[in-house]
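Tertiary structure, described
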Amino acid sequence: MSNNDSIKIGINNTSNEWFRPIIDKKELKNLTKRNDFAGWRHIIIYFFALFSLGLFCTYFWGTWWFVIFYIAYCTLWGGADAIWHECGHRTAFKTRSLNDFFYYIASFMNNFEPVRWKWSHSLHHSYTASVDPHDYEVDGSIFAKHTFLSFILNFIPGIGFFTIHKSLYVEIIKHALGIKTDVMEDCIPEDKINDCINSSRIFVLLWITIIAVSIYFSTFLPIFLFLIPKFFGINGIWGVTQHMGLKESAKDHRLSTRSVRLNPIFSFIYWKMEYHIEHHMFPMIPSYNLPKLYEVIKVQMPEPQTLYQAYKEIIPAVIKKSKNPDYFIPVQVPNN
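Sequence order as written defines residue numbering, which begins from 1 separately in each chain. At least 70 in pLDDT is required for a residue's local features to be given in this predicted model, at least 80 for side-chain atom pairs to be given and counted, and no such filter applies to totals for whole chains, interfaces and linings, which use all residues. Remark: hydrogens and water are excluded; side-chain values derive from all non-hydrogen atoms of the structure.

**Some details on the nonpolar core**
- In terms of nonpolar packing, the biggest core is built from 73 residues, with Tyr70, Tyr73, Ile83, Trp207, Ile228 and Leu293 touching the most fellow members.
- Only DSSP runs of H or I reaching four residues or more are called helices, and only runs of E reaching two or more are called strands; each is numbered from the N terminus. Considering every element that reaches this core, the biggest residue donor is helix H3 (residues 65-77), with seven residues.
- Contacts of Ile83, omitting those with residues within four sequence positions, involve His42, Ile43, Tyr46, Phe47, Gly88, Phe102, Ala106 and Trp271.
- In these notes, a set of buried Ala, Val, Leu, Ile, Met, Phe, Trp, Tyr and Cys residues joined through side-chain atoms within 4.5 Å is what counts as a nonpolar core. The buried label goes to any residue with under 20% of its type's maximum accessible area, the exposed label to any with over 50%, and the partly exposed label to all in between, with areas taken from a 1.4 Å probe on protein chains only. Within the second largest apolar cluster, eight residues are counted, among which are Met184, Ile188, Cys196 and Ile197. By definition in these notes, contact holds between two residues if any of their heavy atoms fall within 4.5 Å.

Written as structure tokens, this is what we have:
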């Protein structure tokens, strides 16, 4: 392969440059192509399944069967995170307006105010697995402040109610009231702050509407279905593997990010984001093309892990890092 046919950006003496694998330019261009069919296929299946589970939840409301279907509903609802993510990168659809439309829908489902998260997620890709205070996603992906107990508690459905004072609900309410938060001042351009405030107010209005409907019909069901599903999903089981325990402030995504392999149902909910190293290396490649990307560059990548393998190293690392903040899991990367 000649230099004209490939891209090679390796680690060198310039600390600001990130490692990138060798890949043919034409192949990379093909992998970045988006198509509306792939986006619509995922969206239609996703919302049909979510609607069906919602019907089961409604039918079994007030019985123990509700708990089973509700956990499944909440976990699928949590898949809105993947839709938000793909549409935010504008890789889900070829048509820009479709990306933007479903980005706003998924933002509401995810409690992610869309303006704030557009800019903070962009910075997350700039500071991947960094302790830099400007990465406002770092607390969820790097366990610098975790103890083993707090780590385990994160996996209990409903545990978020005990930390609701630190949640995105509070941040959105602050923004709706025009209160400037750190993330607003650090991430959002001055000319976009009013947009953030206005969309936060829309979120709060929708929350109030859901609560009012529940009061009017004397049932908590609308609140359970549309306001608090994020508290009861099990999506963290795979989401926490993205960067947990790995090296901080590294200029090589293979050292700071983890790819895992999931079963087809979890992979659908996650929309292939288990190929997370690949995504951070090439964020403009649609998630549905990440498996193809992996096949092209796999000789330059660490071996992907199962969830069992990931947690086999994550749990001991949590314990070690709680005692030694400088500890990280060493990753073997190919030398080619």
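**A closer look at the packing of aromatic side chains**
- Aromatic pairing here means that ring centres of Phe, Tyr or Trp (its six-membered ring) are within 6.5 Å. Orientation follows from the plane angle: under 30 degrees is stacked, over 60 is edge-to-face, and everything else is tilted. Within this structure, the stated rule accounts for 34 aromatic pairs.
- Seen in terms of ring centroids, Trp61 and Phe224 are 5.5 Å apart; in terms of plane orientation they differ by 65°. Their pairing is edge-to-face. Here Trp61, found in the loop between helix H2 (36-59) and H3, pairs with Phe224, found in helix H12 (residues 221-226); they are 163 residues apart in sequence, far enough to count as distant.
- For Phe224, a relative accessible area of 23% gives the class partly exposed.
- Seen from their ring centres, Trp84 and Phe112 are 4.8 Å apart, and the 80° between their planes marks the pair as edge-to-face. In this pair, Trp84 sits in helix H4 (residues 80-88) while Phe112 sits in the loop between helix H5 (96-110) and helix H6 (114-126), placing the two residues 28 residues apart along the sequence. In this structure, Trp84 and Phe112 share a single accessibility class: buried.
- Counted as over-ring charges are cases with an Arg CZ or a Lys NZ within 6 Å of the ring centre that also lie within 35 degrees of the ring normal. Positioned above the aromatic ring of Trp117 is the side chain of Arg116, whose terminal nitrogen or guanidinium carbon lies 4.0 Å from the ring centre.

**Observations regarding the packing of H4 against H5**
- Two elements in contact, H4 and H5, have axes whose closest approach is 8 Å; the angle formed by their N-to-C orientations is 145°. Remark: the crossing between H4 and H5 carries left-handed chirality. In contact with Ala80, Asp81, Ile83, Trp84, Glu86, Cys87 and Gly88 of H4, H5 contributes Asn99, Phe102, Tyr103, Ala106, Ser107, Met109 and Asn110.
- Nonpolar residues are Ala, Val, Leu, Ile, Met, Phe, Trp, Tyr, Cys and Pro. Charged residues are Asp, Glu, Lys and Arg, and all others, Gly as well, are polar. In terms of residue class, the contact of H4 with H5 is built from eight nonpolar, four polar and two charged. In this description, a line fitted to the C-alpha atoms serves as the axis of each element, helices being fitted only across the stretch in contact, and the angle between N-to-C directions of two axes falls anywhere from 0 to 180 degrees. For a crossing to be left-handed, the near helix must be turned anticlockwise from the far one by less than a right angle; the clockwise case is right-handed.

**Here's the deal with the environment of Phe108**
- Topologically, Phe108 is positioned in helix H5.
- Of the residues examined, Phe108 reaches a relative accessible area of 17% and is grouped as buried.
- The spatial distance from the C-alpha of Phe108 to the C-alpha of Leu227 is 9.5 Å, given a sequence separation of 119 residues.
- Setting aside chain neighbours within four positions, we find Phe108 in contact with Phe203, Leu206, Trp207, Ile210 and Phe226.

**Considerations on the pattern of salt bridges**
- The working definition used for a salt bridge is a side-chain nitrogen of Lys or Arg within 4 Å of a carboxyl oxygen of Asp or Glu. The full count for this structure, using the stated rule, is seven salt bridges.
- For Arg258, the salt bridge goes to Glu313, with nearest N and O atoms at 2.9 Å. With Arg258 in the loop between helix H14 (253-256) and strand S3 (260-261) and Glu313 in helix H18 (residues 307-323), this pair connects stretches of sequence that are 55 residues apart.

**Some points on a nonpolar patch on the surface**
- What makes a patch is a set of residues exposed beyond 30% relative accessible area and free of salt bridges, joined within 9 Å when like-charged and within 5 Å when nonpolar (Val, Leu, Ile, Met, Phe, Trp, Tyr). Using a 1.4 Å probe, accessible areas were evaluated by the Shrake-Rupley method; residue-level cover was limited to the displayed protein chains. Nonpolar side chains collect at one region of the surface, where Phe148, Ile152 and Ile319 lie side by side and expose about 220 Å² of accessible area between them.
- Structurally, Phe148 can be placed in helix H8 (residues 148-153).
- The class of Phe148 is partly exposed, set by a relative accessible area of 36%.

**Things to note about unusual backbone geometry**
- Here the phi dihedral of Arg90 falls at roughly 60°; this positive angle occurs in a residue that is not glycine.
- Relative to the helices and strands, Arg90 is located in the loop between H4 and H5.
- Of note, the phi angle at Lys272 is positive, near 65°, even though the residue is not glycine.
- Tracing the backbone shows Lys272 in the loop between helix H15 (264-270) and helix H16 (276-281).

**Thoughts on the confidence of the model for the chain**
- With 88% of its residues at a pLDDT of at least 70, the chain reaches an overall mean of 87.
- Residue-level confidence of the predictor, termed pLDDT, takes values from 0 up to 100. Taken element by element, the predicted model of the chain shows its lowest mean pLDDT in strand S1 (residues 6-9) (33) and its highest in H2 (98).
- Low pLDDT, under 50, characterises residues 1-15; the stretch is placed with 27 contacts to residues that sit more than four places away or in other chains.
- The low-confidence segment residues 129-135, where pLDDT is below 50, has 19 contacts with residues more than four positions distant or belonging to other chains.

**Concerning the packing of helix H9 (residues 168-176) against helix H11 (residues 193-216)**
- Close contact between H9 and H11 brings their axes to 7 Å; oriented N to C, the two are set at 120°. Comparing their axes, H11 and H9 come out oblique. Crossing of H9 against H11: the hand is left-handed. Residues Tyr169, Ile172, Ile173, His175 and Ala176 of H9 touch H11, and the partners they reach there are Cys196, Ile197, Ser200, Arg201, Phe203, Val204 and Trp207. Note that the term roughly parallel is reserved for angles under 35 degrees, roughly antiparallel for angles over 145, roughly perpendicular for angles of 65 to 115, and oblique for everything else.

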